[in-house]
Amino acid sequence: QVQLVESGGGLVQAGGSLRLSCAASGGTFSIEAMGWYRQAPGKQRELVATIVRGTTTNYADSVKGRFTLFRDNAKNTVHLQMNSLKPEDTAVYYCNCNAWRPGIGTRNYWGQGTQVTVSS
């Protein structure tokens, strides 16, 4: 099983910044895509940012220009730099990894979620 360890969540004032990190581990695997989703109270989970095959980065329209997704392939890690945070960004953020494993194939794996709270 691919395990995703998330860090960097917390409480920040509007206009501030946070950096989320997600590291994938668990043996031999190849990452097809990796990124972050979020779910606000009473809302459905939505895509925030994802990088596909280490090249193509996709962002939700609501975070473009404010959030940046970085990758570190050597450590199977992605970092989400969140700047100019707004109260609307408050949510539980979930790391997602689409990975291939020998004998298993390609599956989606999820982190446990990390809380990001932006105060006004």
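For the structure itself, consult the block above.
From a predicted model like this one, the values you see are computed outputs, not experimental measurements. (Residues numbered from 1 in each chain as written. Predicted model: local features only at pLDDT ≥ 70, side-chain atom pairs only at ≥ 80, totals over all residues. Heavy atoms only, no water.)

Engineer: Could you give an account of the overall build of the chain, naming the residues involved and the relevant values?
Structural biologist: The number of helices and strands found in the chain is zero helices and 11 strands. Secondary structure elements of the chain occur, N-terminal to C-terminal, as β-β-β-β-β-β-β-β-β-β-β. By the compact-globule yardstick of 14 Å for 120 residues, the chain fits well, its C-alpha radius of gyration being 14 Å. By principal-axis analysis of the C-alpha atoms, the chain measures approximately 50 × 25 × 20 Å. Put simply, the chain has 120 residues, and 42% of those count as buried. Once local pairs closer than 6 in sequence are excluded, the contacts in the chain between residues at least 24 apart make up 54%. Summed over all atoms, the accessible surface of the chain reaches about 6400 Å², with 45% contributed by carbon and sulfur. (Helix = DSSP H or I, 4+ residues; strand = E, 2+ residues; numbered from the N terminus. Rg over C-alpha atoms; globule rule 2.2 N^0.38 Å. Buried < 20%, exposed > 50% of the residue type's maximum accessible area, 1.4 Å probe, protein only. Contact = heavy atoms within 4.5 Å. Areas by Shrake-Rupley, 256 points an atom, 1.4 Å probe, with all protein chains shown as cover.)

Engineer: Let's hear about unusual backbone geometry: which residues, and what values?
Structural biologist: Even without glycine at this site, Asn76 takes up a positive phi of about 50°. Along the chain, the position of Asn76 falls in the loop between strand E7 (67-72) and strand E8 (77-82). Judged by relative accessible area, Asn76 falls into the partly exposed class, the value being 25%. One non-glycine residue, Ser84, lies in the positive phi region at around 50°. Within the fold, Ser84 resides in the loop between E8 and strand E9 (91-101). Using a relative accessible area of 42% as the deciding quantity, one classes Ser84 as partly exposed.

Engineer: Residues and numbers for the pairing of strand E6 (residues 56-59), please.
Structural biologist: Of the strand pairs in this sheet, strand E5 (residues 46-52) and E6 are connected by four bridges, and their pairing is antiparallel. Bridge pairing in E6 links Thr50 to Asn58. In this antiparallel pair of consecutive strands, E5 and E6, the connection spans three residues, and Arg53 shows a positive phi of 55°. (Pairing = 2+ DSSP bridges.)

Engineer: Account for the side chain of Asn96, naming residues and giving values.
Structural biologist: By secondary structure assignment, the location of Asn96 is in strand E9. A relative accessible area of 7% places Asn96 in the buried class. The contacts of Asn96, once residues within four sequence positions are left out, are Leu4, Ala33, Met34, Gly35, Tyr37, Asn108, Tyr109 and Trp110.

Engineer: So, the state of the cysteines: which residues are in play, and what are the values?
Structural biologist: Under the criterion given, the structure shown has one disulfide. Here Cys22 engages in a disulfide with Cys95; their sulfurs sit 1.9 Å apart. Taking the torsion about the sulfur-sulfur bond, which here is approximately -90°, the covalent link between Cys22 and Cys95 counts as left-handed. On the criterion of sequence distance, the pair formed by Cys22 in strand E3 (residues 18-25) and Cys95 in strand E9 is long-range, its members being 73 residues apart. By the burial criterion, Cys22 is buried, and Cys95 matches it. In this structure Cys97 is not part of a disulfide, and its nearest cysteine sulfur, from Cys95, lies 6.8 Å away. (Disulfide = S-S within 2.5 Å.)

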